Amino acid sequence: MHDRSDKPRLAVWKFASCDGCQLSLLDCEPELLALGEAIEIAYFPEAATRPIRGHYDLSLVEGSISTPRDAERIRAVRRRSAHLVTLGACATAGGIQALRNFADLREFMAAVYAHPAYIHTLATSSAIADHVPVDFELRGCPVNKRQLLEVISAFLAARRPAIPAHSVCLECKSRGLPCVLVAHARACLGPVTQAGCGAICPACHRGCYGCFGPQETPNTASLTRALAALGLERRELLRLYRSFNANAEAFRAESERHGE
Amino acid sequence: MANRTIRVEQLTRVEGEGAVKLEIRDGRIHSAQLRIFEPPRFFEALLRGRAYTEAPDITARICGICPVAYQMSAVHAMENALGIEVSGPVRDLRRLLYCGEWIESHALHITMLHAPDFLGFDSGIDMARSHADAVRRGLALKQAGNEIIALLGGREIHPVTVRVGGFYRVPRKRQLAVLAERLKWAREAALETVRWTAGFEFPACDRDYRFVALRHPAEYPFNEGRIVSSDGLDIPSAEFEAHIDETQVKRSTALHAQLRAAGPYLTGPLARYSLNFARLSPVAQAAALSAGLGRRCTNPFRSIVVRAVEVLHACDEALRIIARYEEPDEPACAIEPRAAMGIAATEAPRGLLYHRYRLEADGTILEARIVPPTAQNQAAIEEDLRRFSEEFLTLSPERLRRRCEQLVRNHDPCISCATHFLRLELTGP
């Protein structure tokens, strides 16, 4: 049942999330079986019935920390893991559920549950790196599966993953897409958002909504001026910066400039 | 033997975090609980104050396995509020996108999550060593579903083209023609999958389920229809909350849904199939009957065959839609926001998905209510555990644990939508 081989041992862990990032691994359909040959998929509850056992060479972590139990659990995962990589906007920035960080948690609970007292949750949803050291953060809501395979391959080859930190704008330019902001006057977070999706929203004639989070050196103030010139109002700017990566530092700070 | 508690602390091969607890007294099941401890994410609260245009993108993040379902219920509910009805090629494209999600989600569950139960493996990847052809076929089928979503939606998970009123961009006719070639292969693969799963061994476990699903006059239901039940309920989606109660129980971060007059019910493939057999495509009907399914299916273990039949239907339906597709003049219709209430239910792969929104005049969301299929199915899954696990009490603890997990997996619960992993503990009285 278990490989006792020398293959590196991979684990996939879930915290508060939609499962979409770990599903990206199962979405690598042609590569999945080859991956199963190169590494031992030692713990991946969504895909396999197998107990937690021993240490893992590479842990992929999906989801954010939003409950007292999960804040404990992530420390146990870190102790078992030689390398820990976070997958996606929840694990690297707290995800859409981090909108609670800007609201009153009790009021949030009462809006959904008749008996909030049964629910054990933290006032914030936070990134994995806020709790334990992280070796690499892969962005996206969800992650791009090519980038996910690159991260695993880089780990196997003991090199740094080749994941660009520049903006979505460069992806539009390399695809030859007309700028949706300049040419079509549509609100677009592309100039301040990290590349990796392949500029799929501009390719579909809509503005980027920032699901890969802030790029390395985002000039949000400059983009905000351009968006205001398009006629975006305070509330629209707030919503734009405050979505799937609301708690990522650059987006959080910019959104607070337009806050209530 | 007399009194004991069996715990499956972490369900595996399901989406989300859940557990099972069985209490046995005097050799009989005293209680069965499906516990859901997935961390709550408060979507209904965080949607308030957002623009109506954001609902499809935000609610997609409830579930990475069925984001299209959330996008579809969201856009239909908003269109219901704003007095828009989408028709023609845009309506067809939405059905095509939904076909992609059913194929992708069902192929994943059949091959990687459920089949290992019947063939005695811990995972689809382990199963591939001795059932390589079936696993490759299942993964390729899943990929075909994903190709539909990626072509129409820009990417497989959390597609970006769906908007209230239509799409941001629609595909070209010639792009769909290329997809059709893949889908012709997929239809054959789906037929093979029906035959393959029909050959598994199924325990003789039938139940008098109360089925609830959408029913459309002419179509097997995806986006539209009235909500009907096997005992005569027949209501428009707008009356859902008048007939169904959601209650909170201490063991679960998902709310339990029940029919007000009649109690627990089941939604999902078994319900959809049993209430809509005549609306399946002829090839899917024929395949179902040759696979030994009746026009109704009340054995939850056979849900794997029903899912395969639905994959076959979805491939067939996708090909029909592609054959008649003409590019629309506009990808979306113009919209004026207004203060209104909007309601819609669509058929997610796992069953009925209900959305209700209240909007203010500028289209800001004032209130949101979402009832996912797994929340509706919790009581029926617990009832399965109560009824059927008794027959398995003489099994070894390990095999009993596997049976309990399988009883849950039969219904492909999406715990992220409503829970994740199983560990079994046997404790003395």
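Note that this is a predicted model, so its numbers are computed, not measured. (Residues numbered from 1 in each chain as written. Chains lettered and ligands numbered in written order. Predicted model: local features only at pLDDT ≥ 70, side-chain atom pairs only at ≥ 80, totals over all residues. Heavy atoms only, no water.)

Concerning the sheet that holds strand E3 (residues 56-62) of chain A
Paired through their backbone hydrogen bonds, the strands of a sheet run either parallel or antiparallel. All names here are of chain A. Selection rule: Two strands qualify as a pair provided DSSP detects at least 2 bridges between them. Labels follow the DSSP assignment, with helices taken as runs of H or I lasting at least four residues and strands as runs of E lasting at least two, numbered in each case from the N terminus. Axis definition: a line fitted to C-alpha atoms, over the contacting stretch in the case of helices. Angles run 0 to 180 degrees between N-to-C directions.
One open sheet holds the five strands; their spatial order is E2-E1-E3-E4-E5, and the pairing between them is parallel. Each edge of the sheet is formed by a strand with only one pairing partner; in this case those strands are strand E2 (40-43) and strand E5 (136-138). Within the sheet, the average angular offset between the axes of one strand and its neighbour, ignoring direction, is 30°. Two elements, strand E4 (residues 81-87) and E5, share three bridges in a ladder whose sense is parallel. Counterpart to Thr 86 in the pairing with E5 is Glu 137.

Side note on the sheet that holds strand E11 (residues 340-348) of chain B
Residues and elements named next belong to chain B. Judged by pairing direction, the sheet is antiparallel, and its three strands sit side by side in the order E11-E12-E13 without closing on themselves. Each edge of the open sheet carries a strand with a single partner, namely E11 and strand E13 (365-371). Here the average twist between neighbouring strands, direction ignored, is 15°. Taken together, the nine bridges between E11 and strand E12 (residues 351-359) define a ladder with antiparallel strand orientation.

Focus on the pairing of strand E1 (residues 4-8) of chain B
All names here are of chain B. What counts, and what does not: Note on classification: 1.4 Å probe, protein chains only; a residue is buried when its accessible area is under 20% of the maximum for its type, exposed when over 50%, partly exposed between these limits.
With four of five residues buried, E1 lies mostly within the body of the structure. Here five bridges tie E1 to strand E2 (residues 18-25), and the two strands are oriented antiparallel to one another. Bridged to Arg 4 within E2 is Ile 24.

Some remarks on the domain arrangement of chain A
Interface size is often expressed as the accessible area that is lost when the parts come together. All names here are of chain A. Spelled out, the test is: For the purposes of this description, domain bounds are those given by an automatic or database domain assignment. In what follows, residue pairs with any heavy atoms lying within 4.5 Å of each other are defined as contacts. When two parts are brought into contact, each loses some accessible area as probed by a 1.4 Å sphere; the total of that loss over both is the buried area. What counts as a salt bridge is simple: a side-chain nitrogen of Lys or Arg found within 4 Å of a carboxyl oxygen of Asp or Glu. Distance and chemistry together define a polar contact, namely a pair of N or O atoms within 3.5 Å, with one atom able to donate a hydrogen and the other to accept it when in protein, and with adjacent residues in sequence counting only for side-chain atoms on both sides. Three categories are distinguished: nonpolar for Ala, Val, Leu, Ile, Met, Phe, Trp, Tyr, Cys and Pro, charged for Asp, Glu, Lys and Arg, and polar for the others, with Gly belonging to the last.
Parsing chain A into structural domains produces domain 1 (9-156) and domain 2 (168-257). Of note, the centres of domain 1 and domain 2, computed from C-alpha atoms alone, are 25 Å apart. Counting residues at the interface gives 15 residues for domain 1 and 18 residues for domain 2. Both faces combined, the contact of domain 1 with domain 2 buries some 1300 Å², and carbon together with sulfur accounts for 56% of it. Three residues stand out in domain 1 for area buried against domain 2, namely Phe 102, Arg 139 and Cys 141, and they jointly supply 45% of the buried area on that side. At the boundary of domain 1 with domain 2, the tally comes to zero salt bridges. Applying the counting rule to domain 1 against domain 2 returns five residue pairs in polar contact (both at pLDDT 80 or more). Broken down by class, the residue content of the side of domain 1 that touches domain 2 amounts to eight nonpolar, six polar and one charged.

Remarks on the domain arrangement of chain B
Residue and element names in this part refer to chain B. Per the domain assignment, the segments making up chain B are domain 1 (4-39 + 397-427) and domain 2 (43-380). Computed over C-alpha atoms only, the centres of domain 1 and domain 2 are separated by 25 Å. Opposite the 21 residues of domain 1 that make contact, domain 2 presents 34 residues. Summed over both partners, the interface of domain 1 with domain 2 comes to about 2400 Å²; 51% of that surface belongs to carbon and sulfur atoms. There are four salt bridges connecting domain 1 and domain 2. A salt bridge links Asp 117 to Arg 409; the shortest N-O distance between them is 2.6 Å. The interface formed by domain 1 and domain 2 contains ten residue pairs in polar contact (both at pLDDT 80 or more). Contributions of two or more residues to the side of domain 1 that touches domain 2 are made by strand E3 (28-36) and helix H13 (397-409). For the side of domain 1 that touches domain 2, the element with the most residues is H13, which contributes five residues. Each residue belonging to the side of domain 1 that touches domain 2 can be placed in one class, and the counts come to eight nonpolar, five polar and eight charged.

As for the environment of Arg 48 of chain B
The residue Arg 48 of chain B is located in the loop between helix H1 (43-46) and helix H2 (55-60) in this model. In sequence terms Arg 48 of chain B and Thr 364 of chain B are 316 residues apart; their C-alpha atoms lie 7.6 Å from each other. Setting aside anything within four residues of it in sequence, one finds Arg 48 of chain B in contact with Glu 107, Phe 108 and Ala 111 of chain A together with Ile 365, Leu 366 and Glu 367 of chain B. Here Glu 107 of chain A takes part through its side chain, which lies 2.8 Å from a polar atom of the side chain of Arg 48 of chain B. Within the structure, the side chain of Arg 48 of chain B is placed 2.9 Å from the backbone oxygen of Ala 45 of chain B, a separation counted as a polar contact.

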